[in-house]
Every structure is written in C-alpha cells, then in structure tokens.
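# Fold and contact review
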Amino acid sequence: MRVLSIATLFPDAARPNFGLFVERSLRALAAQPGIDLTVVAPVGLPPFPLSLHRRYRALRALPLREQWNGLTVLRPRFTLIPRYGARFNPAQVAKAVSGAVRSQSFDVIDAQFFYPDGPAAMRVAKTLGLPFSIKARGADINHFGHDPATAPQLLAAASNAVGLLAVSGSMRRDMAAIGIDPAKVTIHYTGIDAGRFHPGDRASARAALDMGSGPAIATVGALIPRKGQALVIEALPALPDVHYWLAGAGEEKDRYRALADRLGVADRVHLMGPVANADLPQLYRAVDVVVMPSASEGLANAWVEAIACGTPIVISDAGGAAELVSSSAAGRIVTRTPDAIAGAVRDLLANPAPSADIAASLAGRFDWDRNGRELAEHLRRCAHRQRQGGQK
C-alpha cells in the first residue's frame, strides 16, 4: 500500500524536537509489511523580504528531499503569513504537497495533524481521486476547531475524510462536541520506546543533572500559558524546599522568571531551556514528580514518558488524563489551582510508590509497534472503503 503522509508537525535539522512523536509513529508505520511510505513535511516561510529574517535562515537551508531516520521526507516550501494567515495555510500546503509528489501515485493519504494538514489532505485527495484520513492530537481540535477563521475548513475535512483518528477517548468526545461524527473516529494511542523510557536509578540521574538530594519536580513542554507552568511556580511557596525544573523554551520565559522573583522562589526555579529527547529519560528519573497542569491536551507524550520512567504525574483533567492516570501510583488529577497542585505534590512526596509499580500502570497500552500496526490497518480500511465506493 502506497501511503502519502502530510505532516506539518515533523522534525528537521533546524527543529530536531519538533513533532518527534509524529516521526516515531510514521517510522512504526513504515516498518509494517507491505507499506510504501512517502512523508511530505511542508516548510512554511513568510513572503519576501520577511523570509530573509534570521529566524528563518535555518528553515531556508533545509533540503527539499532527504532520508530522515530511514524515512523518505519531502520538504516543499509554502507561503506562511505569520499570526494572521491560518485560514490560508491549507490551500498553500496543498499546493506545495501537490507539486512535491507530481507524477507519483498513492493508494491513500494520511494527515498527521487536523489543521492545516487535514483540509490540505482533502484538497490533494480530491485532485488525485484518493481516500484520506486525519488524526486529531489536541490543540488542532481545541484551538482550530473553535476559531471561526479555521473551523469551517476543519469540519469540511472531517466530513469528507474516509476515516479519522484521535489520541484518546476524550479527544473523540471533543471532536463530537464541535460537530464531528464520533462513529468515524478510531482511538489511536501514542507509543513509547521502552528501551529508553523505563525506571532507573534516581540518585545517579540527579547526580548527572547536579540536582542535589532535595525534593524535585519538573514540567516538560513549551513555556506557553496553556501548559500552566505559572501555576506550578505559584504553588512553590506552599512547597518548602521543593525545586522546580522547567524543560522547554517559549514566550513566557521572562514572565516566569519575574513571577519567581516576586514570590521569593527564584532560587528554586530552574529554567533549563530545550532538552533533547535523548536526555528526557534522565530528567524524568531524576525528579520525584512531573507536574503538567495544562489547560488543554490530547494525550501528552510527556505524561506517558514520565510514568514509563517510574515517575508519578500531577496533571489537570485535560484530554486523556483519566485514561492514563488509572491508579494512585501513576499520579493525581487536580484542578488548575496552585493549592490543588501543591496538595497533590505533597501527597506524592509523602507516599512514594515503587517506580516499577508506576511504570506497570501503563499496562502495555503504549507501544510503537502496536501504534504502527494499528495505523497501517486503519489506512488499509480507508483504502478499501474507497474501492467499495465509501468515500463521500
């Protein structure tokens, strides 16, 4: 089966951590028998002369075609209007994809993010007479599905797709809430590399990161309001001696630093900057609790990774939280308030579960081979429905 996968969220030499979970899923798909996969990861650049700005220099230098960790990846350019052009992105992405795969033939199109990938896939599929599928991951539905500028295209793509995927049952309910037929949606859990993400010695991990021996918590994710790091900083006055490590970069860095200064906890707040995926297992093992009170999520990879490393999580009731925190050993689901966060952290610090019990709570649900196998089966069903006249 010849699969064309459209993935605007995909790593490259300029952004090695960008969409790693998408890459890993597509590598698992490509490893399945009978799959011939081509990935198109369009690169957005603003119009000239904005495209000459130094922030886009590394993107301009990316190859148009390369082998990326065993995958054939095409990187055509499309015109991106920063901040205001979201409604135009699907058409621009579709144009770039069509040009990149001209003269190639496929059996099915896979969109790895609902927007702009989904509406772009709809356009390409219509031109080529192919069935297409779209996967929902979180912000693509929770933001673009509610924005009047983008929701109509998103809903049209959902209606015309042969099949849909969601990272959690909660995500499927969110899709239904905006008018997407839940009967078309299959749950497709993420995977985890058990060879890397597993329990290990906490003392040695702490020594490697120079964390000391006191209680430590961490958040892994972009420094943006939606991730809720400010709430964790605000919880620190009620958590004496607890140090907070923030892995990630983003627009809120200076505000978080100022907030920590104002609350008198700056000496316990450690802004680590971006942390390479290869180094995340060590961070997860080093801390006592991973705290991620996001306003919205699908089913965050960091949640799964932390638990796999034997570290409990404190998360908000967002996305697939209840599907993951299935036991008290795995962590706590709390309201998004500093008091609730502090109380959950205190409870977990006072009653630590064995790391093996925490990791075991995943019960084998998150595996990359299973992820790839299920994606291949889903896409085969989509191609079969097209042959049976099932496409709208």
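The structure this text deals with has already been given above.
Residues numbered from 1 in each chain as written. Predicted model: local features only at pLDDT ≥ 70, side-chain atom pairs only at ≥ 80, totals over all residues. Heavy atoms only, no water.

With that out of the way, let us pick up the overall build of the protein chain. Of the regular secondary structure elements, the protein chain holds 16 helices and 16 strands. Dimensions along the principal axes, computed over C-alpha positions, put the protein chain at roughly 60 × 50 × 40 Å. Evaluated residue by residue, the protein chain yields a buried proportion of 53% over its 392 residues. Working note: accessible area of the protein chain is about 16400 Å², and carbon and sulfur atoms make up 53% of it. Computing the positive centroid from 44 side-chain charges and the negative centroid from 34, the protein chain places the two 8 Å apart. (Helix = DSSP H or I, 4+ residues; strand = E, 2+ residues; numbered from the N terminus. Buried < 20%, exposed > 50% of the residue type's maximum accessible area, 1.4 Å probe, protein only. Areas by Shrake-Rupley, 256 points an atom, 1.4 Å probe, with all protein chains shown as cover. Lys, Arg positive; Asp, Glu negative; His and termini not counted. Charge placed at Lys NZ, Arg CZ, Asp CG, Glu CD.)

Moving on to the packing of helix 3 (residues 89-100) against helix 4 (residues 117-128). Running from amino to carboxyl end, helix 3 crosses helix 4 at an angle of 50 degrees, the nearest separation of the two axes being 8 Å. In terms of their interaxial angle, helix 3 and helix 4 are classed as oblique. Crossing handedness for the pair helix 3 and helix 4: right-handed. Facing helix 3, whose interface residues are Pro 90, Ala 91, Val 93, Ala 94, Val 97 and Ser 98, helix 4 presents Pro 119, Ala 120, Arg 123 and Val 124. Looking at the contact of helix 3 with helix 4, its residues break down into eight nonpolar, one polar and one charged. (Axes fitted to C-alpha atoms, helices over the stretch in contact; angles between N-to-C directions. Parallel < 35°, antiparallel > 145°, perpendicular 65-115°, else oblique. Left-handed = near helix turned anticlockwise from the far one by under 90°. Contact = heavy atoms within 4.5 Å. Nonpolar A, V, L, I, M, F, W, Y, C, P; charged D, E, K, R; others polar.)

Under the defined criterion, the tally for this structure stands at ten salt bridges. A salt bridge links Lys 227 to Glu 297; its shortest N-O distance comes to 2.7 Å. With a gap of 70 residues between them, Lys 227 in the loop between strand 11 (216-220) and helix 9 (229-235) and Glu 297 in the loop between strand 14 (289-292) and helix 12 (301-308) connect regions that are remote in the sequence. Lys 227 gets classed as buried once you look at its relative accessible area, which sits at 13%. (Salt bridge = Lys/Arg side-chain N within 4 Å of Asp/Glu carboxyl O.)

Below, the discussion takes up a nonpolar patch on the surface. A cluster of nonpolar residues, Ile 81, Tyr 84 and Phe 88, forms a patch on the protein surface that exposes about 350 Å² of accessible area. Locating Ile 81 in the fold gives a position in the loop between strand 6 (77-79) and helix 3. On the basis of relative accessible area, Ile 81 is assigned to the partly exposed category, the value being 34%. (Patch = residues over 30% accessible without salt bridge, like charges linked within 9 Å, V, L, I, M, F, W, Y side chains within 5 Å.)

This paragraph deals with the sheet that holds strand 15 (residues 313-316). Each strand in a sheet pairs with another by means of backbone hydrogen bonds, the pair being arranged parallel or else antiparallel. Across the sheet, six strands lie side by side as 13-12-11-14-15-16; this open sheet has parallel pairing. Of all the strands in the sheet, just strand 13 (269-273) and strand 16 (331-334) have a single pairing partner and so form its edges. Going from strand to strand, the sheet's axes swing by 20 degrees on average, the running direction of each strand aside. The pairing of strand 15 with strand 16 spans four bridges and is parallel. Paired with Val 314 across the bridge in strand 16 is Arg 332. Taken strand by strand, helix 14 (residues 338-350) contacts strand 11, strand 14, strand 15 and strand 16, and its axis lies near 165 degrees from that of strand 16. (Pairing = 2+ DSSP bridges.)

If you look at the biggest cluster of nonpolar residues, it comprises 74 residues, and the most contacted ones within it are Phe 114, Met 175 and Ile 180. Examining the composition of this core, we find that six residues originate from one element, helix 12, more than from any other. Core analysis: the second largest hydrophobic core is formed by 26 residues, Ala 235, Val 242, Leu 246 and Val 291 among them. (Core = buried A, V, L, I, M, F, W, Y, C linked by side-chain atoms within 4.5 Å.)

Another aspect to go through is the packing of aromatic side chains. Scanning the model with the defined rule gives three aromatic pairs in all. Consider the rings of Tyr 115 and Phe 144, whose centres lie 4.9 Å apart with planes at 25 degrees: the pair is stacked. Taken together, the positions of Tyr 115 in the loop between strand 7 (108-111) and helix 4 and Phe 144 in the loop between helix 5 (139-142) and helix 6 (151-160) put the pair 29 residues apart, joining distant regions of the chain. Judged by relative accessible area, Tyr 115 falls into the buried class, the value being 1%. (Phe/Tyr/Trp six-rings, centres within 6.5 Å; stacked < 30°, edge-to-face > 60°.)

The next point concerns the pairing of strand 12 (residues 243-247). Burial analysis of strand 12 places four of its five residues in the buried class, which makes it a mostly covered element. Judged from the five bridges that link them, strand 11 and strand 12 form a sheet pairing that is parallel. What sits directly across from Ile 217, in strand 12, is Tyr 244. Of the crossover connections in this fold, the one passing from strand 11 over helix 9 to the parallel strand 12 is right-handed. Note: strand 12 against strand 13, four bridges, orientation parallel. The residue bridging Tyr 244 from the neighbouring strand is Val 269, located in strand 13. (Right-handed = clockwise from strand over helix to strand, strands pointing away.)

A few words on the pairing of strand 4 (residues 65-68). Side chains Glu 66 and Trp 68 project from strand 4 onto a buried face, and the interleaved Arg 65 and Gln 67 project onto a face without burial. As paired strands, strand 4 and strand 5 (residues 71-74) are joined by four bridges and run antiparallel to one another. Note that in strand 5 the partner of Trp 68 across the bridge is Leu 71.

This paragraph deals with the side chain of Ser 168. Along the chain, Ser 168 falls in the loop between strand 9 (163-166) and helix 7 (169-177). In this structure Ser 168 comes out as buried when scored by relative accessible area, which is 0%. Side-chain polar atoms of Ser 168 contact the backbone nitrogen of Met 171, separated by 3.0 Å. Not counting the four nearest positions on each side in its chain, Ser 168 is found in contact with Ile 187, Tyr 189, Gly 298, Leu 299, Gly 319, Gly 320 and Glu 323. (Polar contact = N/O pair within 3.5 Å; in protein donor to acceptor, adjacent residues only side chain to side chain.)

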